Amino acid sequence: MPKILLLEDDSQVAQLLRIALEQKGHTVCWTASGEEALQHLAGADLLALDLGLPDVDGVEFLSRVREIRPRLPVLVLTAKDDESTKVYCLEIGADDYMTKPFSVLEFTARVQALLRRAYGAPKIRVGPLVLDGEGHRATLDGKPLKLSRTEFALLRTLASAPGRVWSRSELLEEVWGADFDGTDRVVDVYINMLRKKLGDDPRNPHFIETMVGVGYRLLDLKRENPTVF
Ligand code: CA
């Protein structure tokens, strides 16, 4: 799970961003202090940096980060919408830049994009299931699963946060995109196809569980079925 270091002194904003990142399966280390953030820098996979901080100058802080972690993906957040600050931040090593106010959805999308750019799509392992992000390959107990592109994307979304319940509309947005204008029954159809390929019984699921009136989740196989595998 990628570790996101979030340096943001507005606790309400930080809380929103933290929840959104955790829903994507990230681990979040939040601090409002530049000095404290420096101590967590070594273990971070990405830094989301608010430039307006009480204890340090955000731009100077970014320069220090670049000396310690030259290749760490950095997403700068700022209330200033002035072109020179933006250009300067990019020049001294920010990988991307967002001006407040911004949507939480856009924030997580940019974080995901930066992580993919820096590390490639990660391999996901959940119990006997392994999903290889680069080649769109999936195996179950080491045997290849023949999945269509959409089936793979749906399984990968569920597997990105085992145990998390996804509503149909969230799955639609993640897999089919925000522009999709069909019915959310398409999610049920694809879930059924995935279940067949996984050999899963919806009445006694080992993989995909229906949460009645809510949506679906992939069982956290290590935790919930420790004796099965
Ligand atoms: Ca601030």
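Thoughts on the coordination of the calcium ion
Octahedral six-donor coordination of a metal ideally yields angles of 90 or 180 degrees, compared with 109.5 degrees for tetrahedral four-donor coordination.
Alright, step 1. Every protein donor of the calcium ion is listed here as Asp9 (OD), Asp50 (OD) and Gly52 (O), and their distances to the metal cover 2.2 to 2.3 Å.
Alright, step 2. Site description for the calcium ion: donor spacing in sequence, D-x40-D-x1-G. Note that aspartate 9 is positioned in the loop between strand S1 (3-7) and helix H1 (11-23) and glycine 52 in the loop between strand S3 (46-50) and helix H3 (58-68), a separation of 43 residues in sequence.
Alright, step 3. Taking relative accessible area as the criterion, glycine 52 reaches 46% and is therefore assigned partly exposed.

As for the confidence of the model for the protein
Alright, step 1. Of the residues in the protein, 96% reach a pLDDT of 70 or more, and the chain-wide mean stands at 89.
Alright, step 2. Per-residue pLDDT stays below 50 along residues 223-229; that stretch engages in 10 contacts with residues further than four places along the chain or on separate chains.

Structural notes on the packing of helix H7 (residues 168-176) against helix H8 (residues 185-198)
Alright, step 1. Remark: H7 packs on H8, axes separated minimally by 9 Å, with the N-to-C direction vectors making an angle of 75 degrees. Relative to H8, H7 is oriented roughly perpendicular. For the pair H7 and H8, contact is made by Arg168, Leu171, Leu172 and Trp176 and by Val186, Val187, Asp188 and Tyr190, respectively.
Alright, step 2. Here the contact of H7 with H8 is composed, by residue class, of 6 nonpolar, no polar and 2 charged.

Details of the pairing of S3
Along any regular strand, the residues point their side chains to alternate faces of the sheet.
Alright, step 1. Where burial is concerned, most of S3 is hidden: 5 out of the 5 residues are buried.
Alright, step 2. Burial of S3 is two-sided: the residues Leu46, Ala48 and Asp50 facing one way and the residues Leu47 and Leu49 facing the other way are all buried.
Alright, step 3. Two strands pair when backbone bridges link them, and S1 and S3 are joined in this way by 4 bridges, in the parallel orientation. The residue bridging leucine 5 from the neighbouring strand is leucine 47, located in S3.
Alright, step 4. Inspection of the sheet shows S3 paired to strand S4 (residues 74-78) by 4 bridges, in the parallel sense. For alanine 48, the partnering residue across the bridge sits in S4 and is leucine 75.

With respect to the domain arrangement of the protein
Alright, step 1. Along its sequence, the protein is organised into domain 1 (3-119) and domain 2 (123-228).
Alright, step 2. Put simply, the middle of domain 1 and the middle of domain 2, counted by C-alpha atoms, are 30 Å apart.
Alright, step 3. On the domain 2 side, the residues contacting the 4 residues of domain 1 number 6 residues.
Alright, step 4. Considering only the surface of domain 1 that becomes buried against domain 2, Gln23, Lys24 and Leu105 emerge as the three largest contributors, covering 85% of it.

Here's the deal with the side chain of threonine 78
Alright, step 1. Within the fold, threonine 78 resides in strand S4.
Alright, step 2. For threonine 78, a relative accessible area of 3% puts it in the buried group.
Alright, step 3. Look past the residues within four positions of threonine 78 in its chain and what remains in contact with it is Asp50, Leu51, Tyr97, Met98, Thr99 and Lys100.

A short note on the sheet that holds strand S2 (residues 27-31)
Alright, step 1. With parallel pairing, 5 strands are arranged side by side in an open sheet as S2-S1-S3-S4-S5. For this open sheet the edge positions go to S2 and strand S5 (96-99), each flanked by a neighbour on one side alone. Recorded for the sheet is a direction-independent mean angle of 15 degrees between the axes of neighbouring strands.
Alright, step 2. Packing of H3 onto the sheet brings it into contact with S1, S3 and S4, and relative to S3 it is tilted by some 165 degrees.

Criteria and thresholds
- Residues numbered from 1 in each chain as written.
- Predicted model: local features only at pLDDT ≥ 70, side-chain atom pairs only at ≥ 80, totals over all residues.
- Heavy atoms only, no water.
- Donors = N, O, S within 2.8 Å, 3.2 Å for Na, K, Ca; no water.
- Helix = DSSP H or I, 4+ residues; strand = E, 2+ residues; numbered from the N terminus.
- Buried < 20%, exposed > 50% of the residue type's maximum accessible area, 1.4 Å probe, protein only.
- pLDDT = per-residue confidence, 0-100.
- Contact = heavy atoms within 4.5 Å.
- Axes fitted to C-alpha atoms, helices over the stretch in contact; angles between N-to-C directions.
- Parallel < 35°, antiparallel > 145°, perpendicular 65-115°, else oblique.
- Nonpolar A, V, L, I, M, F, W, Y, C, P; charged D, E, K, R; others polar.
- Pairing = 2+ DSSP bridges.
- Domains from an automatic or database assignment.
- Buried area = accessible area lost by both parts, 1.4 Å probe.

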